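What follows is each chain in one-letter form.
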Amino acid sequence: MTLQTSSDMLARLVGFDTTSARSNRALIDWVRDYFAGHGVTATLVPDEAGGKASLYASIGPDVEGGVVLSGHTDVVPVDGQPWDTDPWTLTGKDGRLYGRGSCDMKGFIACALAAVPRLKAARLKQPVHFALSYDEEVGCLGAHSLAERLMGSVKRPRAIIIGEPTMMGTVKGHKGQNSYHVAFTGFEAHSSMTHLGVSAIHFAGELIHFINRLQEEFAARATDNGYMPPWGTMNVGTLSGGTAGNILARDCSLIWEYRQIPGDDADEARRRVQAHIDEVLLPAMRRRHESARIVMTPRFVVPAFRGEARGEAEQLARAWSGANDSTMVAYATEAGIFQGTGVSTVVCGPGDIAQAHQPNEFILASQLAACDAFLDRMIEWAERG
Ligand SMILES: [Zn+2]
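Residues numbered from 1 in each chain as written. Predicted model: local features only at pLDDT ≥ 70, side-chain atom pairs only at ≥ 80, totals over all residues. Heavy atoms only, no water.

This brings us to the pattern of salt bridges. A pair can form between side chains of opposite charge whenever their charged atoms are brought close. Under the defined criterion, the tally for this structure stands at 20 salt bridges. Of the charged contacts in the structure, one is a salt bridge between Arg 318 and Glu 314, with a shortest N-O distance of 3.3 Å. Separated by four residues within a single helix, Arg 318 and Glu 314 lie in helix H8 (residues 312-321), roughly one turn from each other. Judged by relative accessible area, Arg 318 falls into the partly exposed class, the value being 28%. (Salt bridge = Lys/Arg side-chain N within 4 Å of Asp/Glu carboxyl O. Helix = DSSP H or I, 4+ residues; strand = E, 2+ residues; numbered from the N terminus. Buried < 20%, exposed > 50% of the residue type's maximum accessible area, 1.4 Å probe, protein only.)

Next up, the structure:
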């Protein structure tokens, strides 16, 4: 097996279109074969349909301690984005490497995989585990089963590093994310005969108005908590409904979310919205037509990531990266899910979140080098035991 640099590896990984809506199996199978080429057995954790899979693998002794290096293999879509280069071909220019996922977060995965030969050559006294998930960008769907299977099959690690882009700084907390779908069913009528039906769109609008007011209430509770913005945020991200301008809409649906500050009640917004539906909106719709319905369904929950007082993962990551201080961020990651296993967790990885999800997403080559150096220090640590 030839040695590959982290940028060679990143070029391979970017070449797989792992948009969340598609299968990530081609990438995962390639990674499994790469591990096999280095004598490492990787285990796949497929989703129910088998179209996607997470993967975990371990190098080093089968003992307690060591580190988990974790990343998600999926990327956000490029549809409608004005790219100057092919998003699926890593393209270097002026110290930047362009490609979808270069920053979020195949850059970290590339560095971790490129370290496999170095890990194999090292005399590890503690193991290094790899955990690669799917569907992070659509609700961290793969990480739950991955974290459970990994922790069930290895002895307890000391720290979990989630390599989301932080410019190799350490992040010790982020908000949660709770996403819901609401389907309104009204009753169709000619739009000149509004007394004969009930519009699903009009009542969806009432719910959006309620969500706006609830968000203002949350904002008024802001404290000096280090988050930006320092309150739990709400957003209606999609809205669709209706068939024609002259019909009272039968159907309307929307997706809304609540991103709570760690320690806040993650379920409060859902309860408040559900109560408003049950006590105000649905009775009002039913007075117009008895067949009206409003059904709210949870889509996913990404738990908040709590800062740990002197967290071991944070201390280790700071020692390996040279980061002076840890910050809190607003975006969600898989850190809260992995922290749920009881193992100390930190977010630390190459690249700048500002480039994530953008057209012409890139990572600085110097960030890959910084992550390679971080992993070298991690290997030295694992050799000392
Ligand atoms: Zn990410």
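Moving on: the coordination of the zinc ion. Each protein donor to the zinc ion is listed here as His 72 (NE2), Asp 104 (OD), Glu 164 (OE) and Glu 164 (OE); together their distances run 1.8 to 2.5 Å. Coordination geometry of the zinc ion: the four donor atoms subtend angles of 54 to 140° at the metal centre, consistent with an arrangement described as irregular. Coordination of the zinc ion draws on donor residues from a single chain, spaced H-x31-D-x59-E in sequence. Of this pair, His 72 sits in strand E3 (residues 67-72) while Glu 164 is found in the loop between strand E7 (159-162) and strand E8 (170-174), placing the two residues 92 residues apart along the sequence. Both residues of the pair, His 72 and Glu 164, belong to the buried class. (Donors = N, O, S within 2.8 Å, 3.2 Å for Na, K, Ca; no water. Tetrahedral: all angles 85-135°; square planar, octahedral: opposite > 155°, others 65-115°.)

Let's shift gears to the domain arrangement of the protein. Its domain assignment divides the protein into domain 1 (6-174 + 303-384) and domain 2 (177-302). Counting residues at the interface gives 17 residues for domain 1, matched by 11 residues for domain 2. For the pair domain 1 and domain 2, the two sides together bury roughly 950 Å², of which 65% comes from carbon and sulfur. Seen at the junction of domain 1 and domain 2, the total is zero salt bridges. At the surface where domain 1 touches domain 2, the tally comes to one residue pair in polar contact (both at pLDDT 80 or more). (Domains from an automatic or database assignment. Contact = heavy atoms within 4.5 Å. Buried area = accessible area lost by both parts, 1.4 Å probe. Polar contact = N/O pair within 3.5 Å; in protein donor to acceptor, adjacent residues only side chain to side chain.)

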